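Notes for the structure review
Residue strings, one per chain:
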Amino acid sequence: MNFLASNPSSYYSQISKPLLTRSLLCKVLRIIVTPNCNNKCFYCHNEGMTQETQSLLNLRDYHFLAHSLTGFFDGVAIAGGEPLLSNDLISVSKSFFDALGCKLYLTTNARLPLDIIVRNAELFQRVHITLNSVYASTYSLITGKCLKDQIFTNVDILVRSAIPCMVNTVLINGINTTENEIKAMMDFSKRTKVPLEFLHLQQCESLKGI
Ligand code: SF4
């Protein structure tokens, strides 16, 4: 589907007014570069997406969006799904970097190598790594996948690079909120010198009985 490219001026005239109004409140634009993810976090809303779900926008659409939104936003956050699964990640990022004139925030689960991000360091303001536990069993319980050494390698690579990074931990009541879990995350942050932010304390209804 290519609704933006098929009639961009008509589309833009329809969305520009609400966008302008919203932009007064929300100054950071969030761009989803792929709906797909290599994790299966039980709390993820997924929005009906599967690994096979095709992106609705192509590069031309993103390029059009980037140039249409020039001046409306102070920052751009690149997200997914898992952004590193998108072959267009760097091209899309360049489009928004060039058009909006600001560096980008990137959110990733860091399961894939981040070398491509480091090679394009000039595009990125900060990388946010979502890591909900440093314990393999807890990580697996939350994400449905194994904890990979690649995540820790990526943190080391970013620390040595010119790109600031931070770790975001989604607190899930009864899963990763024990003293051991919190202390392990704080020790990890202290050891790596990477800032740590705890997000949303969630009630864990869906895992009752596990
Ligand atoms: S890493 Fe993020 S996008 Fe992927 S399944 Fe977990 S919450 Fe969803």
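Coordinates for the structure precede this section.
Notes on the structure in this doc start here.

**Notes on the overall build of the protein chain**
- Helices and strands together make up the secondary structure of the protein chain, namely eight helices and six strands.
- Helices and strands in the protein chain line up, N terminus first, as α-α-β-α-β-α-β-α-β-α-α-β-α-β.
- Of the contacts formed within the protein chain by residues at least 6 apart in sequence, a portion of 77% connects residues at least 24 apart.

**Remarks on the packing of helix α3 (residues 59-68) against helix α4 (residues 89-100)**
- Remark: α3 packs on α4, axes separated minimally by 8 Å, with the N-to-C direction vectors making an angle of 20°. Taken together, α3 and α4 sit at an angle that is classed as roughly parallel. Relative to α4, α3 is oriented so that their crossing is right-handed. For the pair α3 and α4, the contacting residues are L59, Y62, H63, A66 and H67 in the first and S91, V92, S95, F96, A99 and L100 in the second.

**Side note on the site of the ligand**
- Around the ligand, the structure places C37, N39, K40, C41, C44, G80, G81, E82, N109 and T130.
- Across the shell around the ligand, the residue classes break down as three nonpolar, five polar and two charged.

**Some details on the nonpolar core**
- I31, V76, F96, L104, F124, V127 and I129 are the most contacted members of the largest nonpolar core, which totals 32 residues.
- Counting residues per element, this core draws most heavily on α4, which supplies five residues.
- Apart from the residues lying within four places of it in its own chain, the contact partners of L104 are V76, I78, S93, F96, F97, L123, F124 and Q125.
- Ranked by size, the runner-up nonpolar core spans five residues in total, among them I142, V170, I172 and I175.

**Notes on unusual backbone geometry**
- A cis amide bond, omega 20°, links G80 with the succeeding residue G81.
- The backbone of A110 shows a phi angle near 60°, a positive value even though the residue is not glycine.
- Tracing the sequence through the fold places A110 in the loop between β3 (104-108) and α5 (115-119).
- Here the phi dihedral of K193 falls at roughly 65°; this positive angle occurs in a residue that is not glycine.
- By secondary structure assignment, the location of K193 is in the loop between α8 (179-192) and β6 (196-202).
- Among the residues examined, K193 registers 8 C-beta atoms within 10 Å and is labelled exposed.

**Notes on the pairing of strand β1 (residues 28-32)**
- Only one face of β1 is covered, namely the face carrying L29 and I31; the face carrying V28, R30 and I32 is uncovered.
- In the sheet, β1 pairs with strand β2 (residues 75-79) via five bridges, with the strands oriented parallel. Paired with L29 across the bridge in β2 is V76.

**Some points on helix α7 (residues 149-160)**
- Taking 1.5 Å of rise per residue, the twelve residues of α7 would be expected to cover 16 Å, and the 17 Å separating its terminal C-alpha atoms lies within 8% of that figure.
- Where α7 is concerned, the buried positions are I151, N154, V155 and L158. On an axial view of α7, the arc spanned by its buried residues comes to 100°, and they lie on one face. When the buried face of α7 is taken as reference, the exposed residues oriented beyond 90 degrees from it are D149, D156 and R160.
- Turning to α7, the residues buried within the fold contact β4 (124-130), β5 (165-172) and α8.

**Here's the deal with the environment of I32**
- For I32, the location among the structural elements is in strand β1.
- Residues I32 and I78, 46 residues apart in the sequence, show an inter-C-alpha distance of 6.2 Å.
- If near-sequence neighbours (up to four positions away) are discounted, I32 is found in contact with A79, G80 and G81.

**Points about the pairing of β2**
- Only one face of β2 is covered, namely the face carrying V76 and I78; the face carrying G75, A77 and A79 is uncovered.
- Pairing of β2 with β3, which is carried by three bridges, proceeds in the parallel orientation. Each bridged residue has a counterpart across the sheet, and for V76 the counterpart in β3 is L104.
- With α4 bridging β2 and its parallel neighbour β3, the resulting β-α-β unit is right-handed.

Thresholds, definitions, all that
- Residues numbered from 1 in each chain as written.
- Predicted model: local features only at pLDDT ≥ 70, side-chain atom pairs only at ≥ 80, totals over all residues.
- Helix = DSSP H or I, 4+ residues; strand = E, 2+ residues; numbered from the N terminus.
- Contact = placed C-beta atoms within 7 Å.
- Axes fitted to C-alpha atoms, helices over the stretch in contact; angles between N-to-C directions.
- Parallel < 35°, antiparallel > 145°, perpendicular 65-115°, else oblique.
- Left-handed = near helix turned anticlockwise from the far one by under 90°.
- Near = placed C-beta within 6 Å.
- Nonpolar A, V, L, I, M, F, W, Y, C, P; charged D, E, K, R; others polar.
- Core = buried A, V, L, I, M, F, W, Y, C linked by C-beta atoms within 7 Å.
- Buried ≥ 20, exposed ≤ 12 C-beta atoms within 10 Å, placed from the backbone.
- Pairing = 2+ DSSP bridges.
- Expected span 1.5 Å × (residues − 1).
- Arc of directions from axis to C-beta.
- Right-handed = clockwise from strand over helix to strand, strands pointing away.

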